[in-house]
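# Topology and contacts: notes
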Amino acid sequence: MVELLTTETIWYSLFWFYLMAAVTISALVFGFMTFVVLRYRTKSRNPAPSDPIDEDFRLGVSPKRGGVIPVLVIVGGLAVLFFGLTLSTFHANEVMEDVSHSGDPAPLKIRVEGYQWGWIFVYPNGKKLDGELIVPVGKAVQLEITSRDVYHAFKAPDFKIMKDAIPGRLNYAWFRAVEEGEYLVQCYELCGVGHARMIAKIKAVDPGTFQNWYTS
């Protein structure tokens, strides 16, 4: 059985990519620092140079000492790393916005409308729920997110998605619940005195249960 793509797996893949890059760079830096401390810890191991030290050599880039090549290698390596991280971030963001990457040919499309201070969910058949979003397990759900009044931000931490809810504009996100249960939705944009109470829940249920509720 092919494992279905979820927004959580995309987010965690990007997170681990960044973490491994940070660990690798840190290991190289601290390894070099340790080498320098041990190698030049005493005067006897660090004799004075026989020729005068020019200012370029103090900076570690003197052509006479071959310092240019290491600098170019380090700068080039960092440039490639940062470019790769940037591309990976943009790609992950694109995948998490476009439901076509979910592998579901017919995702469930739901309109999300934020208001002071709650969330309304509108289904394709006209059903509306206030404060609760019911979805079938295993089904890709596409969210069309907007606001009725001021700026809000729709965030479902368990699915690693967050999108601004802006009046007159639609922002898109998608997710797939792989287990039955209830998941928290919060507003992450300060929107007034009721901001802290602007919460909702995503209720993931068995597909048969969802179909019975949806068609009733």
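Along every chain, residues carry numbers that run from 1 in the direction the sequence is written. Note on the predicted model: pLDDT of at least 70 is required for a residue's local features to be given, and 80 or more for side-chain atom pairs to be given and counted; whole-chain, interface and lining totals, by contrast, use all residues. Working from all heavy atoms in the structure, the side-chain values ignore hydrogens and water.

### Considering the sheet that holds strand β10 (residues 199-205)
What makes two strands pair is DSSP finding at least two bridges between them. Counting from the N terminus, the helices are DSSP H or I runs at least four residues long and the strands are E runs at least two residues long. Within the open sheet, the five strands sit side by side as β4-β10-β9-β6-β7. Their pairing is mixed. Two strands in the sheet have a free side with no partner beyond their single neighbour: β4 (132-136) and β7 (161-165). The average undirected angle you get between the axes of adjacent strands in this sheet is 20°. Taken together, the six bridges between strand β9 (residues 181-187) and β10 define a ladder with antiparallel strand orientation. Residue pairing across strands places glycine 181 opposite alanine 204, the latter belonging to β10. The axes used here are C-alpha line fits, helices contributing only the stretch in contact, and every angle between their N-to-C directions lies in the interval 0 to 180 degrees.

### Section: the sheet that holds strand β2 (residues 118-122)
Read from one edge of the open sheet, five strands run β3-β2-β1-β5-β8, paired in mixed fashion. Unpaired on one side and paired on the other, β3 (128-130) and β8 (171-176) mark the two borders of the sheet. Each adjacent strand pair in this sheet contributes to an overall mean axis angle of 25°, direction not counted. Here six bridges tie strand β5 (residues 140-147) to β8, and the two strands are oriented antiparallel to one another. When the sheet's bridge partners are listed, glutamate 144 is paired in β8 with tyrosine 172.

### Let's talk about a nonpolar patch on the surface
For patch building, the residue pool is restricted to those with more than 30% relative accessible area and no salt bridge; the joining distance is 9 Å between like charges and 5 Å between nonpolar side chains (Val, Leu, Ile, Met, Phe, Trp, Tyr). For every accessible area listed, the method is Shrake-Rupley and the probe measures 1.4 Å; residues are considered covered only by the protein chains on display. Definition used for salt bridges: Asp or Glu carboxyl oxygen within 4 Å of a side-chain nitrogen of Lys or Arg. Judged by side-chain polarity, Trp11, Tyr12, Phe15, Trp16, Leu19 and Val23 come together as a nonpolar surface patch covering roughly 570 Å² of accessible area. Within the secondary structure layout, tryptophan 16 lies in helix α1 (residues 7-39).

### A short note on the nonpolar core
Among the nonpolar cores identified, the biggest contains 40 residues, and Trp119, Leu143 and Phe154 are the most heavily contacted of them. Where each domain starts and ends follows an automatic or database-derived domain assignment. Viewed by domain, this core spans two of them, domain 1 (7-42 + 52-97) and domain 2 (106-215), each represented by three or more residues. Any two residues whose heavy atoms approach within 4.5 Å at even a single point are treated as in contact. Those residues within four positions of leucine 143 in sequence are excluded, and the remaining contacts are Ile110, Val112, Leu133, Phe154, Ile161, Asn171, Tyr172, Ala173 and Phe175. The nonpolar core is taken to be a set of buried Ala, Val, Leu, Ile, Met, Phe, Trp, Tyr and Cys residues, with the residues joined through side-chain atoms within 4.5 Å. Only protein chains enter the calculation, and the probe is 1.4 Å; a residue is then buried if its accessible area is under 20% of its type maximum, exposed if over 50%, and partly exposed in between.

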